[in-house]
Amino acid sequence: MLNLLLRFVIAGSVVVGVSELSRRSPRIGALLLALPITSIVAFVATWRKSHALASISLLARETLILVPLGLPFFVPLAFAERWGLGFWSAFGLGLLLASATIGLWMWLGPRQA
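Residues numbered from 1 in each chain as written. Predicted model: local features only at pLDDT ≥ 70, side-chain atom pairs only at ≥ 80, totals over all residues. Heavy atoms only, no water.

K.L.:
Mind showing me how you'd approach the packing of helix 1 (residues 2–24) against helix 3 (residues 37–50) here?
P.N.:
Any two packed helices are characterised by how steeply their axes cross, that is the angle between the axes, and by the distance between the axes. Axis separation between helix 1 and helix 3 bottoms out at 10 Å; the angle between their running directions is 170°. It follows that helix 1 is roughly antiparallel to helix 3 by the angle criterion. On helix 3, the residues touching Asn3, Arg7, Ile10 and Val14 of helix 1 are Ile37, Val41, Ala45 and Arg48. Classifying every residue of the contact of helix 1 with helix 3 gives five nonpolar, one polar and two charged. (Axes fitted to C-alpha atoms, helices over the stretch in contact; angles between N-to-C directions. Helix = DSSP H or I, 4+ residues; strand = E, 2+ residues; numbered from the N terminus. Parallel < 35°, antiparallel > 145°, perpendicular 65-115°, else oblique. Contact = heavy atoms within 4.5 Å. Nonpolar A, V, L, I, M, F, W, Y, C, P; charged D, E, K, R; others polar.)

K.L.:
Explain a nonpolar patch on the surface to me, please; I cannot follow it from the model alone.
P.N.:
Taken together, the side chains of Val75, Phe79, Trp83, Leu93, Leu96 and Leu97 define a hydrophobic patch exposed on the protein surface, amounting to about 520 Å² of accessible area. The element contributing the most residues to the nonpolar patch is helix 7 (residues 87–108), with three residues. Checked against the element boundaries, Val75 lands in helix 5 (residues 74–78). (Patch = residues over 30% accessible without salt bridge, like charges linked within 9 Å, V, L, I, M, F, W, Y side chains within 5 Å. Areas by Shrake-Rupley, 256 points an atom, 1.4 Å probe, with all protein chains shown as cover. Salt bridge = Lys/Arg side-chain N within 4 Å of Asp/Glu carboxyl O.)

K.L.:
What should I look at first to understand the confidence of the model for the protein in this one?
P.N.:
Low pLDDT means the predicted coordinates in that region are not meant to be read closely. Per-residue pLDDT for the protein has a mean of 90; in total, 99% of the residues score no lower than 70. Between the elements of the protein, mean pLDDT differs from a low of 83, seen in helix 2 (residues 26–34), to a high of 98, seen in helix 6 (residues 80–83). (pLDDT = per-residue confidence, 0-100.)

K.L.:
What am I meant to see in helix 1 here?
P.N.:
Taking 1.5 Å of rise per residue, 23 residues should cover 33 Å, and helix 1 covers 33 Å from first to last C-alpha, within 8% of that figure. For helix 1, the set of buried residues is Val14, Gly17 and Val18. Its buried side turned inward, helix 1 meets helix 2 and helix 3. (Expected span 1.5 Å × (residues − 1). Buried < 20%, exposed > 50% of the residue type's maximum accessible area, 1.4 Å probe, protein only.)

This is the structure we're talking about:
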């Protein structure tokens, strides 16, 4: 239970940290957001719980594939002003794009054993 609480605190701290830092320095906020803190915590927690390197390795490979597939989410937000989009329309378009790329991978990509 303590491990679960610790993971919630770390995740919440990252969200609060990014939102606070990004007001003062968008670049530093983006750096914190780009760090794979969630992945690091998940890998360590999984290792401490099961010591199953095979499952951690598979998780890392899947993450390595899915992270780039989620990057289209950021494109409409990055160019929202240039394209004349509001926040919610850019956010929605980003979700749509990332859902399409990830969804296609889940549908057409190789099957898990």
